[in-house]
Amino acid sequence: MGDQPFDADPRGIFRADWWGSPLSLDDVPTRRRLEFSGKKARGRRLLAERAEVLAEAQERLWAHQAAAGEQTRRVVMDRLVHRAPRGEATEGERASRLLTAEVTGALDEVPPGPRVLLVLQGMDAAGKGGTVKHVVGSMDPLGVSVAGFGRPTEAERREHFLRRIIRRLPAPGHVGVFDRSHYEDVLVPAVTGTLSPEALAERTEVLRLFEAELVRRGVAVVKVFLHLSPQEQLERLLSRLDRPEKHWKYDPSDADARADFDLFRTVYSGLLEATDADWAPWHVVPADRKWYSRLAVQELLIATLEDLELGWPRAGFDIETERQRLLSS
């Protein structure tokens, strides 16, 4: 496996519930190199080396979907779908009401098969785009899908808020990335006060139920909160103004959001704790050092893919026969 970046399993290092309850992001470091020995030079070297490991793991996922036998497919799906527990009958009734026929019907249209969904959340300039470029970018783009969710359109406002999310789920055999996600539909109303506390609590419960359904349908969900300090955010936003090639990344609303930084952090603290689950865990990654946060996300993806224990599919043809056919052609 080569040089391992972290001294412990990254899924334990960054797990949100490690920081206790109630979760307060004020108590979680943004700059510490948790369980990492060395400095930036080693981190950047490992990021490049481990990119090859991630790329191969993703290719095995894609190859599995394309060429694995039916029995092998069932084994892999079983590893995924059994992660999310079945609730009690009363919980099932509540789930049916909250998810609605509109949502479950849309989910039923999603083809079955294993896939990975990376959910990236964080404040402006936390490094979501850089993570997509430098981590996700090392994988074969034909097996990757990236989606971002800003303000819903008028058409999207008229339907259940999860419909637009379902439309962008990764296909079987793919790694999907949500650069901002279904969590925006709770986070933003909570900060702006456009939904009542009761409605927000219900939407939060819907998120947990929705993710449990995703897992039962073969989606391995990896949720990452890139934890940025207000000081580091200010430096990054100012650098966008200082560099003409970065002006396009700046939005005047970024300054408005900074005024609510503490409120956003408080809302995130409650939201992360409420939606953290063994089948869809939250990982809080210190993001003040870009190389460190990228390395952490890369290792979380590698661990998730390796959990599936995917081998290369066996050939469905006689190899020597095909070799001779090629040599004689």
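Relevant structure appears above.
Let us look at the structure shown here. (Residues numbered from 1 in each chain as written. Predicted model: local features only at pLDDT ≥ 70, side-chain atom pairs only at ≥ 80, totals over all residues. Heavy atoms only, no water.)

## Let's talk about the packing of helix H9 (residues 197-216) against helix H12 (residues 261-275)
Axis angle and axis distance: for two packed helices, these are the angle between their axes and the distance between the axes, and together they describe the pair.
Right, on to step 1. Following both chains from N to C, one finds H9 and H12 inclined at 40°, their axes separated by 9 Å at the closest point. When the axes of H9 and H12 are compared, the pair comes out oblique. Note on packing geometry: the crossing formed by H9 with H12 is right-handed. In this structure, H9 contributes Thr204, Leu207, Arg208 and Glu211 to the contact, and H12 contributes Leu271, Ala274 and Thr275. (Axes fitted to C-alpha atoms, helices over the stretch in contact; angles between N-to-C directions. Helix = DSSP H or I, 4+ residues; strand = E, 2+ residues; numbered from the N terminus. Parallel < 35°, antiparallel > 145°, perpendicular 65-115°, else oblique. Left-handed = near helix turned anticlockwise from the far one by under 90°. Contact = heavy atoms within 4.5 Å.)

## Quick notes on the side chain of Arg60
Right, on to step 1. With respect to the secondary-structure elements, Arg60 resides in helix H2 (residues 40-67).
Right, on to step 2. The class of Arg60 is buried, set by a relative accessible area of 16%.
Right, on to step 3. The contact partners of Arg60, leaving out residues within four places of it in the chain, are Leu310, Gly311 and Trp312. (Buried < 20%, exposed > 50% of the residue type's maximum accessible area, 1.4 Å probe, protein only.)

## Structural notes on the pattern of salt bridges
Right, on to step 1. Enumeration according to the criterion identifies 30 salt bridges in this entry.
Right, on to step 2. Residues Glu102 and Arg163 are paired through a salt bridge, measuring 3.5 Å at the closest nitrogen-oxygen approach. Placement of Glu102 in helix H4 (residues 89-108) and of Arg163 in helix H7 (residues 163-167) is noted, with a sequence separation of 61 residues between them.
Right, on to step 3. Overall, Glu102 belongs to the partly exposed group, its relative accessible area being 32%.
Right, on to step 4. Of the charged contacts, one joins Arg323 and Glu320 as a salt bridge, the two residues approaching to 3.4 Å between their closest N and O atoms. Of the two residues, Arg323 and Glu320 both sit in helix H14 (residues 319-327), 3 residues apart, roughly one turn of that helix.
Right, on to step 5. Under the relative-accessibility criterion, Glu320 is labelled partly exposed at 46%. (Salt bridge = Lys/Arg side-chain N within 4 Å of Asp/Glu carboxyl O.)

## A few points about the packing of H2 against helix H13 (residues 290-307)
Right, on to step 1. Packing of H2 against H13 leaves a shortest axis separation of 9 Å and a crossing angle of 30°. Between H2 and H13, the angle is such that the two are roughly parallel. Crossing of H2 against H13: the hand is left-handed. Every residue of H13 that contacts H2 at Lys40, Gly43, Arg44, Leu46, Leu47, Arg50, Ala51, Val53, Leu54, Ala57, Gln58 and Leu61 is listed here: Trp291, Arg294, Leu295, Gln298, Glu299, Leu301, Ile302, Leu305 and Glu306.

## What to know about the packing of aromatic side chains
Right, on to step 1. Evaluation of the coordinates by the stated rule reveals 11 aromatic pairs.
Right, on to step 2. For the ring pair Phe6 and Phe36, a centre distance of 6.1 Å and an interplane angle of 65° mean the geometry is edge-to-face. You can see Phe6 sitting in the segment before helix H1 (10-13) and its partner Phe36 sitting in the loop between H1 and H2, a full 30 residues away along the chain.
Right, on to step 3. Of the residues examined, Phe6 reaches a relative accessible area of 7% and is grouped as buried.
Right, on to step 4. Taken together, the ring pairs in this structure connect Phe6, Phe14, Phe36, Trp291 and Tyr292 into an aromatic cluster.
Right, on to step 5. In this structure, Arg42 is placed above the aromatic ring of Phe36, and the distance from its NZ or CZ to the ring centre is 5.0 Å.
Right, on to step 6. Over the face of the ring belonging to Phe161 we find Arg203, whose NZ or CZ atom lies 4.4 Å from the ring centre. (Phe/Tyr/Trp six-rings, centres within 6.5 Å; stacked < 30°, edge-to-face > 60°. Lys NZ or Arg CZ within 6 Å of the ring centre and 35° of its normal.)

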